[in-house]
Amino acid sequence: MCAMSRRTLLRSGLGGYLLAPWLSSSVIAAQAGRNNPAGENIPDTGAVAAGLTSGEIVLGMSAAFSGPSRGLGIELYRGATAYFTEINQRGGVRGRDVVLKTYDDGYQPDPCVENTMTLMLQDRVFTLFGYVGTPTVARILPILKKFQDQKTYLFFPFTGAQPQREPPYGEFAFNLRASYLQETAGLVDNFMALNRRRIAVFYQADAYGRSGWAGVRKAAKAHGEMIAGEATYKRGTKFSGSMRMQVEILQKAKPEAVICIGSYAACAAFLRDAVDLGLRVPIANLSFVGSENLLKMVKQGRSDSRRYTDLLVNSQVVPSYHDTSIAAVREYRELIRQHNPQAPRELLKEEYTPFPYSFVSLEGFLNAKLMVELLQRLGDHPQRSDLESAAFSIKNFDLGIGEKISFAASRRQGLQRVYYTIVEDDRFITLDNWEQRFS
Amino acid sequence: MNIQKLFQKTLFGIFMLFGLIGVSTSILCIYTVDTHLSKEYENNSKGIAKTIADSSVDIILNRDLSVLQSLIDQFVEIQGISYIYITDESGEFLAHTFVPGIPDQILSSNPFHMDTVERHLPGVGDFVEVGSPILAGVAGTVHIGMDTGFIALKIQRAVGQQAYLISTIFIVGVFAAIWFVNLAAKPIETLLAYAVKLARDREQGISQGDKILARKDEAGQLARLFLYFAELNEVENSSNATAEGNV
């Protein structure tokens, strides 16, 4: 959809919203019917629930489908779509198909804000789902507060940052994954246990990077240490970019471990240059990095890729997709194989070859599974206003990964566990023994 | 186009005057734009620093630092602002916009120094830095760096526009002066030609019937005077000849 027409529609949507109290319900229903091609299916029950017809529940997603971080949005979408497709083929959620309305924000805050306004005011989706990134999500939280009477929530964003986990915006979001504070604390604790006390941070110069930096700082302080050194890069940096200056800055700090808070292209470039310049210390990445994409870039055109990955450790917020002893992993692998979902063609500006399986798509799959459970709990007449209570009704729920999920007013994060992975035989496996690997 | 020798000094004077006006106006313009723009940017930056300082209090005390980073990331998009950094009460950097890292010069500076300072950051550029305390300094400080290169570019543009205008006026003025000089010199040329013709005609005994004698301007008056003096001279010459014959 072109920017101009979207702006025009956005204005009409905003106008409709502002004028809503003065319009009769029939006018609002007619407006909803115009905006929704399936408007004729709207049940004749008086009030029209947004993002809902007798045949569909529409969820809104803004994510990176273009740019150097597009692998994150595409993989997350693929995982979620695999599960939604399966549910829809089985008859949907109480007779309604789950439809994912997607927009590309390129992992940039301003387009994400625009997409969110479009999803909320023009598309009038039922709720927001599966957003990608901290700088993007941090900017749309005030929109949710501004339109809080619409009861639109953000479900299961792909970010572990704090803004959507704490006041004043925490009440408008539900998270599934563990936080960056938990991921960074886990990494720092393990490095400290190995007596690697000088920890440096390489991070993206934005809200995401700062969130991870703050996590490392807090965890290091708990051990009586400070961050030994830090270097930054600009969001959107490509793998072809040089990270020589960043490596040199960190080398001066003589670190015993480096924690990277970034996305795969920049972190792969840093890993490449760090190894090439002789920085031989463990280099850790957070779950957001997109592990498979990082590994693919590092391996590209190299016969000796092992020397780039033997000191690499990535934290994850979902279990390994190789571990088929886990029920949800088996289900994920089966549905991904069966449906082989692809990214929305209209959003793809650059070529992207998806991975058969990935941590990010597994997370998308688990997000979708929990979302469907939540929608089921809304009953036959879903209302946005019931979303929060439906989420709070989830207690000790098992997604099939062996960790129970509960939500409450003071608990808006489902999973708490952090996993650690290393590269063996060109694939990520679970790290069991830190001492053996990094001592 | 012939410029008469009589007016060459006048033209030179006009060139000199225009040159003087051009140079002095440009110098005044550079000074005024430089002073005003620098002051304006400094004041704006101080205002932004104070705004960030005021809105940072709640974030620093109650919220995640990613919110603070998100805040300064939005301000650093403003044209002319190159970097922002925030320190806590101990001087530790809580958020900043430096890539690939915090420059050594800033790391070694005193963050509680609030006066405007000029900084040269090797490999980065020249900056004017302003500061503002957060909660009177007990919660930290905010510093904003403005790119002096950006201000210089603005000055260059303003001066360039001024120079362009003056050059245009100068060129138009030169052509206008040449045209006016020629216009003023034309009656003199006619008069000169008449005087030459009068002398030749008198020599050959041809009577006068020139149009110039009918003109009512200074050239006509001078022509009639020349004719008068020529005729007077002829009368004197013929009287002298008669007198000599009588002798």
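Parameters at a glance
- Residues numbered from 1 in each chain as written.
- Chains lettered and ligands numbered in written order.
- Predicted model: local features only at pLDDT ≥ 70, side-chain atom pairs only at ≥ 80, totals over all residues.
- Heavy atoms only, no water.
- Helix = DSSP H or I, 4+ residues; strand = E, 2+ residues; numbered from the N terminus.
- Buried < 20%, exposed > 50% of the residue type's maximum accessible area, 1.4 Å probe, protein only.
- Contact = heavy atoms within 4.5 Å.
- Areas by Shrake-Rupley, 256 points an atom, 1.4 Å probe, with all protein chains shown as cover.
- Lys, Arg positive; Asp, Glu negative; His and termini not counted.
- Charge placed at Lys NZ, Arg CZ, Asp CG, Glu CD.
- 1 Å grid on protein atoms, 1.4 Å probe; cavity = no way out; pocket = protein on both sides within 12 Å on 5 of 7 lines; lining within 4 Å.
- Points joined across faces, edges and corners; volume = space filled by probe spheres on them.
- Nonpolar A, V, L, I, M, F, W, Y, C, P; charged D, E, K, R; others polar.
- Domains from an automatic or database assignment.
- Expected span 1.5 Å × (residues − 1).
- Salt bridge = Lys/Arg side-chain N within 4 Å of Asp/Glu carboxyl O.
- Buried area = accessible area lost by both parts, 1.4 Å probe.
- Pairing = 2+ DSSP bridges.

Asker: I'd like a description of the overall build of chain A, backed by residues and values.
Answerer: Helix and strand counts for chain A come out as 15 helices and 14 strands. Taking all 439 residues of chain A together, 61% fall into the buried category. Here the analysis covers contacts within chain A between residues at least 6 apart in sequence; of these, 74% occur between residues at least 24 apart. Carbon and sulfur atoms form 49% of the exposed surface of chain A, whose accessible area is close to 16,800 Å².

Asker: How would you explain the overall build of chain B if you had to name every residue and give the values?
Answerer: Check the secondary structure of chain B and you find five helices and five strands. Beginning at the N terminus, the succession of helices and strands in chain B can be written as α-α-β-β-α-β-β-β-α-α. Overall, chain B is about 130 × 30 × 30 Å in size when its C-alpha atoms are taken along their principal axes. Taking the 17 positively charged and 27 negatively charged side chains of chain B as two groups, their mean positions are separated by 17 Å.

Asker: Tell me what's going on with the layout of surface pockets, and back it up with residues and numbers.
Answerer: Any space left empty among the atoms is revealed by the rolling of a water-sized probe across them. When its volume is computed, the largest pocket comes out at roughly 1,400 Å³. Lining the largest pocket are 47 residues; nearest its centre among them are B:T97, B:F98, B:V99, B:P100 and B:G101. Those elements that place two or more of their residues in the lining of the largest pocket are α4 (109-122), α5 (134-146), α7 (207-222), β7 (229-233) and α8 (244-252) of chain A together with α2 (65-75), β1 (81-87) and α3 (104-107) of chain B. Ranked by the residues each element gives to the lining of the largest pocket, the list is headed by α8(A), at four residues. Split by residue class, the lining of the largest pocket holds 25 nonpolar, nine polar and 13 charged. A domain split of the lining of the largest pocket shows at least three residues from each of domain 1 (3-178 + 325-405) and domain 2 (180-316 + 419-438) of chain A.

Asker: Residue-level account of helix α6 (residues 180-193) of chain A, with values.
Answerer: All names here are of chain A. Here α6 contains 14 residues, and its C-alpha end-to-end distance of 20 Å stays within 8% of the 20 Å for a straight helix at 1.5 Å per residue. Considered for burial, the residues of α6 that qualify are Y180, E183, T184, G186, L187, V188, F191 and M192. Looking one or two residues past α6, N195 carries a phi angle of roughly 65°, positive in sign.

Asker: Run through the pattern of salt bridges, naming residues and quoting values.
Answerer: If you walk through the whole model with that rule in mind, you get 27 salt bridges over all chains. Between A:D104 and A:K349 there is a salt bridge, with its nearest N and O atoms 3.2 Å apart. Taken as a pair, A:D104 in strand β2 (residues 97-104) and A:K349 in the loop between α12 (327-339) and α13 (359-376) lie far apart in primary sequence, 245 residues in all. Taken together, the salt bridges that share partners define one network made up of A:R217, A:K221, B:D88 and B:E92.

Asker: Explain the domain arrangement of chain A residue by residue, including any values.
Answerer: Residues and elements named next belong to chain A. Under the domain assignment, chain A is made up of domain 1 (3-178 + 325-405) and domain 2 (180-316 + 419-438). With 28 residues of domain 1 in contact, the opposing surface of domain 2 contributes 28 residues. For the pair domain 1 and domain 2, the two sides together bury roughly 2,000 Å², of which 59% comes from carbon and sulfur. Our enumeration of links across domain 1 and domain 2 arrives at one salt bridge. Among the ionic pairs, E183 bridges to R177, the shortest N-O distance being 3.6 Å.

Asker: Any details on the interface of chain A and chain B? Residues and values, ideally.
Answerer: Interfaces are often sized by the accessible area lost when the parts come together. Contacts between the two partners involve 27 residues from chain A, matched on the other side by 20 residues from chain B. Regarding the contact of chain A and chain B, the summed buried area is about 1,800 Å², with carbon and sulfur atoms giving 54% of it. The three residues of chain A that bury the most area against chain B are A:R139, A:R210 and A:R217, which together make up 26% of that side's buried surface. Our count for the chain A to chain B interface comes out at three salt bridges. Notably, a salt bridge pairs B:D88 with A:R217, separated by 4.0 Å at the nearest N-O pair. Those elements that place two or more of their residues in the side of chain A that touches chain B are α5, α7, β7 and α8 of chain A. Tallying contributions element by element places α7(A) first for the side of chain A that touches chain B, with seven residues. Here the residues of the side of chain A that touches chain B sort into 15 nonpolar, four polar and eight charged.

Asker: Outline the pairing of β1(B), supporting the account with residue identities and numerical values.
Answerer: Residue and element names in this part refer to chain B. For β1, the buried fraction is high: six of the seven residues fall into the buried class. Here six bridges tie β1 to strand β5 (residues 140-147), and the two strands are oriented antiparallel to one another. The partner of I81 across the bridge, within β5, is M146. One ladder, built from three bridges, connects β1 with strand β2 (residues 93-96); its direction is antiparallel. Among the inter-strand pairings, T87 is bridged to a residue of β2, identified as F93. What sits between β1 and β2 in their antiparallel hairpin is a turn of five residues, with G91 showing a positive phi close to 95°.

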